Amino acid sequence: FQIKSWVLPIVFVLFMQYSVVNVVLSNKSVNTINTDILLKEITYIDSSFGNNLSSKKIAFFIDFNDFNCPLCYDDFMAISNWLSVEKYSKNNVLYIFKENSSNSDSLGAERINIWAEVNEVNYPINLASNDFFEKNKIDKSTILLLDEKDNLFLQLNLPFGETNFEKATEFLLENDNK
């Protein structure tokens, strides 16, 4: 039995279309996160996050499994790279990766550190348990933008697209508080 040469590209295209449609549709039912509770829990993970109370903050809650979606990964890297170029304050940026069965041991932490080094991510990176993500109703990779008073300005769930990227970067640049 031989597969025709044209079958694999068609299967790949159909799979990619399914993946994109599935991600876009699932993005519409994401919970809004209670930032008051979440900020208290974040201080247990990284006590330096947001020490400057008069600055805007950005927190990434990342599940490596979402990087299987090309749109999700591209959006995540776009804002992450933008933060590096803008030299946004390390105390106002936080990455929290979800531990799961594939990265819950030291190998998972090593994998994340290698990923951060390869992608030149120079901000604090932490691991949090699956329980942390479930308790805070983070069911997919999410980026939170907080104003100077730690109020939620914008919650971006991957993929978030060009319009939300522009909204996020405009917010972070407003009044030039880095």
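Residues numbered from 1 in each chain as written. Predicted model: local features only at pLDDT ≥ 70, side-chain atom pairs only at ≥ 80, totals over all residues. Heavy atoms only, no water.

Enquirer: With reference to specific residues and values, describe the pairing of strand E2 (residues 93–98).
Expert: In terms of burial, E2 is a largely internal element, six of the six residues being buried. Covered by surrounding structure in E2 are Val93, Tyr95 and Phe97 together with Leu94, Ile96 and Lys98, the residues of both alternating faces. In this view, the connection linking strand E1 (residues 57–62) to its parallel neighbour E2 by way of helix H3 (residues 70–86) has right-handed handedness. Of the strand pairs in this sheet, E2 and strand E3 (residues 125–128) are connected by four bridges, and their pairing is parallel. Within the sheet, the bridge partner assigned to phenylalanine 97 lies in E3 and is leucine 127. (Buried < 20%, exposed > 50% of the residue type's maximum accessible area, 1.4 Å probe, protein only. Helix = DSSP H or I, 4+ residues; strand = E, 2+ residues; numbered from the N terminus. Right-handed = clockwise from strand over helix to strand, strands pointing away. Pairing = 2+ DSSP bridges.)

Enquirer: Give a description of helix H6 (residues 161–173) that names residues and reports values.
Expert: Across its 13 residues, H6 extends 19 Å between first and last C-alpha, which sits within 8% of the 18 Å expected from 1.5 Å per residue. When H6 is considered as a whole, its buried residues turn out to be Phe165, Ala168, Thr169, Phe171 and Leu172. Within H6, the buried residues cover an arc of 160° as seen down the axis, which keeps them to one side. Residues Glu162, Thr163 and Glu170 are exposed on H6 and point more than 90 degrees away from its buried face. If you follow the buried residues of H6, they end up packed against E1, H3, strand E4 (142–146) and strand E5 (152–157). (Expected span 1.5 Å × (residues − 1). Arc of directions from axis to C-beta. Contact = heavy atoms within 4.5 Å.)

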